[in-house]
Amino acid sequence: MGFRKDFLWGGATAANQCEGGYNEGGRGLANVDVVPIGEDRRAIITGKKKMFEFDDEHFYPAKEAIDMYHRYKEDIALFGEMGFKTYRLSIAWSRIFPKGDETEPNEEGLKFYEDLFKECHKHGIEPLVTITHFDCPMHLIKEYGAWRNRALIGFYENLCQVIFRRYKGLVKYWLTFNEINMILHAPFMGAGLYFEEGENVEQVKYQAAHHELVASAIATRIAHEVDPENKVGCMLAAGHYYPYSCKPEDVFKAQQSDRENYFFIDVQSRGEYPAYALKKLEREGIDIKMEAEDLQLLKENTVDFISFSYYSSRVVSTDPKVNEKTSGNLFASVKNPYLEASEWGWQIDPLGLRVTMNSLYDRYQKPLFIVENGLGAVDVPDENGYVEDDYRIEYLAEHIKAMKDAVELDGVDLLGYTTWGCIDLVSAGTGEMKKRYGFIYVDRDNEGNGTLARSKKKSFDWYKKVIASNGEDLSF
Ligand code: BGP
């Protein structure tokens, strides 16, 4: 009973939110670099406001982030001390191909990740690598219009050819696109899409999504060709939709809303466009241009496992009077009156994790991997940088209990669990440092002040114990 013996406990980060070193080692500029903190951020990440370069009025937190580019050895040692079995990180595309369309990769970038993966293995940690976590080289955005252009498939394929070969034997778990459904909610941050005046936004998003889906299938094919040991997963920003009431219209709306997100995973896992999606595209006049080989590529190269992020469930209603909204992971949702919320308004629903796991497992019948979950909170460190973060421990313990129920009582096959932001890092949604998720505190504030020193929070030792007991001991 309990979690599998080889359960992959660990934590997750993304290159742009922790590395910094944005112009070092030959790295090129990417969309994720030019999204500032502040009130313009939302318009920029959704592709409504153009920001293709740095300007003097804004602060860009990803430039330096938490400087993991220079400090990864120290950080990985701390992950090792907690007993991590896996560490989820992403490759910055523009470190390997600074502009994105070169034929030869940048050796310095390749070497950086090779050293980092070796460092992980030194501590008995299996890397879990996201090939793209929101990043797209700026040159591909300016010259090609990012993922709206089919040429991106070829550039992504080059990236995959290079990294699968170079890291053979060092990496075996891969995710093709982080939160692939984010293209609908944050198209500039998620896929480099900026919309020109008068452009059919839905048409562009779904065409770009098709390109990503084909690219994901090609990546899966190459990964399996290069090393049959490779395991490739898709990655969904998950969170089951609840109907606000049992009114049939609400229930139907909840099902429709889930499908907006499942669409991507249906293609990546089942290998074809689902009937409901084809009907929707037809109804809305969205015409996706495909090449002859696309459907076969999708069919023949489905993913090995389903990974997802989970922070909260979501709620929909058809009643205009039920309109109190809540924030959460860039998805609009009606406020759930039964749930508490984090300081950022994200509602807390551990049982929703079990519901979400069951929905995904019922639908795909493939192993699941929870690759993001956690509580973004304000931490107040003492003079030694120690934080008594009982609120975070409580959040994680409740979610681990729920996932254990899904495994033990419902029979869901779960490969692992990596908490989001295992070390404090820059928030994707807001650009803040103040919104912290880590077991490790990083001395840096929203304005970029601080020594960048690392210190352990109370949750550090707690998680260490959780891992050592394979999820049996959640006490604190
Ligand atoms: C997910 C992203 C992560 C991460 C997380 C938390 O959508 O994959 O990159 O940041 O959400 O969100 P935030 O940073 O906005 O709190």
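The structure we're discussing is the one just above.
Residues numbered from 1 in each chain as written. Predicted model: local features only at pLDDT ≥ 70, side-chain atom pairs only at ≥ 80, totals over all residues. Heavy atoms only, no water.

*Asks:* Is there a simple way to think about the nonpolar core in this case?
*Replies:* Grouped burial of nonpolar side chains is what soluble globular proteins tend to show. Membership of the largest hydrophobic core comes to 155 residues, with the highest contact counts inside it found for Phe79, Trp147, Tyr167 and Met403. Each residue touching phenylalanine 79, except ones within four places of it in the same chain, is listed here: Met68, Phe84, Tyr87, Ile125, Cys422, Ile423 and Ile440. Formed by 9 residues, the second largest nonpolar core is a distinct cluster that contains Leu8, Tyr173, Phe305 and Phe369. (Core = buried A, V, L, I, M, F, W, Y, C linked by side-chain atoms within 4.5 Å. Buried < 20%, exposed > 50% of the residue type's maximum accessible area, 1.4 Å probe, protein only. Contact = heavy atoms within 4.5 Å.)

*Asks:* Help me understand the site of the ligand, please; the structure alone is not making it clear to me.
*Replies:* Around the ligand, the surrounding shell holds 16 residues, and the nearest of these are Gln17, Glu179, Ala428, Lys435 and Tyr437. Interatomic distance of 2.8 Å between a side-chain N/O atom of histidine 133 and an oxygen atom of the ligand. Lysine 435 places a polar side-chain atom, nitrogen or oxygen, 2.7 Å from an oxygen atom of the ligand. Across the complex, the protein chains shield 98% of the 380 Å² of accessible surface that the ligand would expose by itself. Of the residues that constitute the shell around the ligand, the class distribution is 7 nonpolar, 6 polar and 3 charged. (Near = heavy atom within 4 Å. Polar contact = N/O pair within 3.5 Å; in protein donor to acceptor, adjacent residues only side chain to side chain. Areas by Shrake-Rupley, 256 points an atom, 1.4 Å probe, with all protein chains shown as cover. Nonpolar A, V, L, I, M, F, W, Y, C, P; charged D, E, K, R; others polar.)

*Asks:* Quick question: what am I supposed to make of the sheet that holds strand S11 (residues 368-372) here?
*Replies:* In a beta sheet, neighbouring strands are held together by backbone hydrogen bonds and run either parallel or antiparallel to one another. Taken in spatial order, the 8 strands line up as S1-S2-S3-S4-S5-S7-S11-S12 and close into a barrel, and their pairing is parallel. For this sheet, the mean angle separating the axes of adjacent strands, direction not counted, is 25°. When strand S7 (residues 305-310) meets S11, the two strands line up parallel, connected through 4 bridges. Note that in S11 the partner of phenylalanine 308 across the bridge is isoleucine 370. With respect to the sheet, helix H14 (residues 390-408) is in contact with strand S1 (8-12), S7, S11 and strand S12 (414-420), its orientation differing from that of S12 by roughly 165°. (Pairing = 2+ DSSP bridges. Helix = DSSP H or I, 4+ residues; strand = E, 2+ residues; numbered from the N terminus. Axes fitted to C-alpha atoms, helices over the stretch in contact; angles between N-to-C directions.)

*Asks:* I keep staring at the pairing of S12 and nothing clicks. Help me out?
*Replies:* The side chains of a regular strand alternate between both faces of the sheet. Most of S12 is tucked away, with 7 of its 7 residues classed as buried. Where S1 and S12 come together, 5 bridges link them in parallel fashion. Each bridged residue has a counterpart across the sheet, and for glycine 10 the counterpart in S12 is threonine 418. Pairing of S11 with S12 involves 2 bridges; the strand directions are parallel.

*Asks:* When you look at the environment of glutamate 19 in this model, what are you seeing that I'm missing?
*Replies:* Secondary-structure assignment places glutamate 19 in the loop between helix H1 (15-18) and helix H2 (41-45). As for glutamate 19 and glycine 431, which are separated by 412 residues in sequence, their C-alpha atoms are 14 Å apart. If near-sequence neighbours (up to four positions away) are discounted, glutamate 19 is found in contact with Glu64, Ala65, Asp67, Met68, Tyr69, Ser90, Ala92, Arg95, Phe112 and Tyr113.

*Asks:* Just checking my understanding: could you explain the side chain of asparagine 261 for this structure?
*Replies:* Tracing the backbone shows asparagine 261 in helix H10 (residues 248-270). For asparagine 261, a relative accessible area of 4% gives the class buried. Ignoring any residue separated from it by four or fewer positions in sequence, one finds asparagine 261 in contact with Asn181, His185, Leu236, Tyr241, Arg314 and Phe331.

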